[in-house]
Amino acid sequence: MKVVLYLRFSSDKQNEQSIEGQKRICTEYCNRNDMNIVDCYIDRALSAAKNIEKREAFQKMIRDSEKGNFEAVVVYKLDRFARNRYDSATYKNKLKRNGVRVISATENISDNPEGIILESVLEGMAEFYSKELSQKVTRGMHETALKGNSCGGSIPLGYVIKNKKFVIDPVKAEIVVEAFKRYATGETIKEIAADFNARGLRTAKGVPFNKNSFSNMFKNERYIGIYKYKDIRIEGGIPAIIDEVTFNNVQQRMEMNKKAPARAKAKVNYLLSQKLFCGHCGELMTGEYGTSETGEKYYYYTCSGKRRLHNGCDKKAVQKEAIERIVAEEAVKLLEPEIIEMIADAAVRAAEEENNKDGILPELKRELTETKKSISNLLRLVERGSDSEALFSRLDELEKQKHEIDFRISKEETDKIHLDKEQIIWWLSKFANGDFNDETFRRIVLDMLVNSVTIWDEPDGEHKITITYNLTSMKAKTFNVRVWNTTVHQKR
């Protein structure tokens, strides 16, 4: 697994040495768990609870996660990632959408139970409403596409958008025509790219040409006038730049030159990562995959003690999909009305505690009080007849300072977590009837409700499973199951 490290220290309590300590412990953790560190992001002298947008390394890490170069972010402790639950849920969700998860090197399971529930509720509700909005947006885009209008996204080289329609850019279209003709008559992509770059020509994004620039260009049917958006295809929907004969010749040559691409490794989310433990030796069970003789991939969890530490553990591998579904189905059984209300109470209580934490807001309010006091003192001097230029200049400075503090207080107040208990109950009640075939649904269930899972192999081929839950009032549950292929038979 490819991972990156995120390290941070605050100037008030820590020093450069703490970064080295964090890095050493995170590196040791990665080595133990067969993780390949591909990068390290470090923010120095910045608090996780304040001005998260100013944590430059953090923001770069979030942006870089879109490139697919790493699968996880390893932190010393989860509070190194973010102390604010809203920020934590927001940014973890962004990473998850990019196939990246956050792992603590020193904590098996995250923070306190109510905090986990709050974060899961925030994330889950955001995801739910995002899907609702996405459906509405998709309907609007569909109508736009039927008219042959631009639905946004990148515009191919040679076109511009005017009044929502694709229009040929006569200057840049010549670059496209030249590229197609040169490739169709035998020149290589490498030769064409080198010549274009030497002449100072640029792609639609304004960057030098490379192999991918032409691969995307040569396959784009828009150049022969075909408008495409998802399942909508309109012949003659936009003006053509390339004739069909030249386009087809290019396709034939590309097909002849095409090399068999390496099989892309699909992103697989191991939903019980950092939660599933071996009952035989107590070590974490980690996600692995294998390939059968027919080339089919299969995914499972294996004991890290047995595989990497070679501690002699005899625990057999556990099928990924089966164990995740078993645990999710057991967890959802908990969502009875009284439990739903308990979870809603926990989330609201955690949100209130988060909002009441000592942070920047009390300091800003203190500054505002001092500033107002200073303004009042100067105004009394004016009322007594003082009218020096320095006095009025100082008054002007203080008024600007007061305005700035007011703005910052308003922003901090807006950033507070506002949760309505009834809204959470409604969402959880709807959520309780979710589709277990939907991986997003299973993930939210496991994140929100499950603290840890321990699994043993039984002599008769069954598995004994113990689930502990995030709500401390819920008792751990132990039961036996038999799993083979993708079928689960649970003993009643």
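Remember, predicted model here, so these are calculated numbers, not experimental data.

**So, the pattern of salt bridges**
According to the stated counting rule, one finds 21 salt bridges in the structure shown. Among the ionic pairs, Arg182 bridges to Asp195, the shortest N-O distance being 2.6 Å. With Arg182 in helix H5 (residues 170–184) and Asp195 in helix H6 (residues 189–198), this residue pair connects regions lying 13 residues apart in the sequence. By relative accessible area, Asp195 is classed as partly exposed at 25%. In this structure, Arg394 and Glu397 form a salt bridge, with 3.2 Å as the shortest nitrogen-oxygen distance. Linking Arg394 with Glu397, this pair stays in helix H13 (residues 389–414), spanning three residues, or about one helical turn. Several salt bridges converge on common partners, so that one network encompasses Glu178, Arg182, Glu187, Asp195 and Arg199.

**Here we look at the confidence of the model for the chain**
Detailed reading of the predicted coordinates is not advisable wherever pLDDT is low. This prediction gives the chain a mean pLDDT of 80; 78% of its residues lie at or above 70. Note that pLDDT drops below 50 for residues 11–17; the model gives that stretch seven contacts with residues more than four away or on any other chain.

**So, the side chain of Asp169**
In this fold, Asp169 is placed in the loop between strand S6 (165–168) and H5. Despite its burial, Asp169 pairs with no opposite charge, the nearest such side chain being Lys172 at 4.8 Å.

**Overview of the sheet that holds strand S3 (residues 72–75)**
Pairing within the open sheet is parallel, and its four strands lie in the order S2-S1-S3-S4. Pairing within the sheet leaves two strands with one partner each, and these edge strands are strand S2 (36–44) and strand S4 (101–104). On average, each strand axis in the sheet is tilted by 25 degrees relative to the strand beside it, whichever way the strands run. Sheet topology places strand S1 (residues 2–9) next to S3; four bridges connect them, and they run parallel. Following the sheet pairing, Leu5 is matched in S3 by Val74. Relative to S2, helix H2 (residues 56–64) is tilted by about 145 degrees, and along the sheet it contacts S1, S2 and S3.

**With respect to the environment of Ile62**
With respect to the secondary-structure elements, Ile62 resides in helix H2. Each C-alpha atom of the pair Ile62 and Lys94 lies 7.5 Å from the other, and the pair is 32 residues apart in sequence. The residues contacting Ile62, other than those within four sequence positions of it, are Tyr91, Lys94, Leu95 and Asn98.

**Digging into the environment of Ser304**
Within the secondary structure layout, Ser304 lies in helix H9 (residues 304–307). For Ser304, a relative accessible area of 4% translates into the label buried. Spatially, the C-alpha atoms of Ser304 and Thr286 are 6.2 Å apart, while their sequence positions differ by 18 residues. If sequence neighbours within four positions are ignored, Ser304 has contacts with Asn33, Glu283, Leu284, Met285, Thr286 and Leu309. Reaching out from Ser304, the side chain makes a polar contact with the backbone oxygen of Leu284 at a distance of 2.7 Å.

**Regarding the packing of H5 against helix H7 (residues 211–219)**
For the pair H5 and H7, interaxial distance at closest approach is 11 Å and the crossing angle is 95 degrees. The orientation of H5 with respect to H7, classified from their angle, is roughly perpendicular. On H7, the residues that touch Val176, Ala179, Phe180 and Tyr183 of H5 are Phe214, Met217 and Phe218. Residue composition of the contact of H5 with H7, grouped by class: seven nonpolar, no polar and no charged.

**Describing the sheet that holds strand S11 (residues 297–303)**
If you trace the three strands from one edge of the open sheet to the other, you get S10-S11-S12, paired in antiparallel fashion. The outermost strands of the open sheet, each flanked by one partner alone, are strand S10 (285–291) and strand S12 (318–319). Of the pairings in the sheet, the one linking S10 to S11 comprises seven bridges and is antiparallel in character. Bridge pairing links Tyr289 to Tyr299 in S11.

Basis of the calculations
- All residue numbers refer to position in the chain's written sequence, counted from 1.
- Residue-level local features of this predicted model are given only where pLDDT is at least 70; pairs of side-chain atoms are given and counted only at 80 or more, and the full residue set underlies all totals for whole chains, interfaces and linings.
- The basis for the side-chain values is all heavy atoms of the structure; hydrogens and waters are excluded.
- For this document, the term salt bridge refers to a Lys or Arg side-chain nitrogen within 4 Å of an Asp or Glu carboxyl oxygen.
- Numbering of helices and strands runs from the N terminus, with a helix taken as a DSSP run of H or I at least four residues long and a strand as a DSSP run of E at least two residues long.
- Here's how the labels work: a residue is buried when its accessible area is under 20% of the maximum for its type, exposed when over 50%, partly exposed in between, all with a 1.4 Å probe on protein chains only.
- Confidence per residue, as judged by the predictor, is encoded in pLDDT with a range of 0 to 100.
- Residue contacts are counted whenever heavy atoms from the two residues lie within 4.5 Å of one another.
- Neither His nor the chain termini are counted; the positive set is Lys and Arg, and the negative set is Asp and Glu.
- Only strands that DSSP links by at least two bridges are regarded as paired with each other.
- For helices, the axis comes from a line fit to the C-alpha atoms of the stretch in contact; other axes are also lines fit to C-alpha atoms, and the angle between any two N-to-C directions lies between 0 and 180 degrees.
- We define a polar contact as two N or O atoms separated by no more than 3.5 Å, with the added condition that, inside protein, one atom must be a possible hydrogen donor and the other a possible acceptor, whereas residues neighbouring each other in sequence contribute only through side-chain atom pairs.
- Our angle categories are set so that under 35 degrees counts as roughly parallel, over 145 as roughly antiparallel, 65 to 115 as roughly perpendicular, and the remainder as oblique.
- Residues were grouped as follows: Ala, Val, Leu, Ile, Met, Phe, Trp, Tyr, Cys and Pro as nonpolar; Asp, Glu, Lys and Arg as charged; and all remaining residues, including Gly, as polar.

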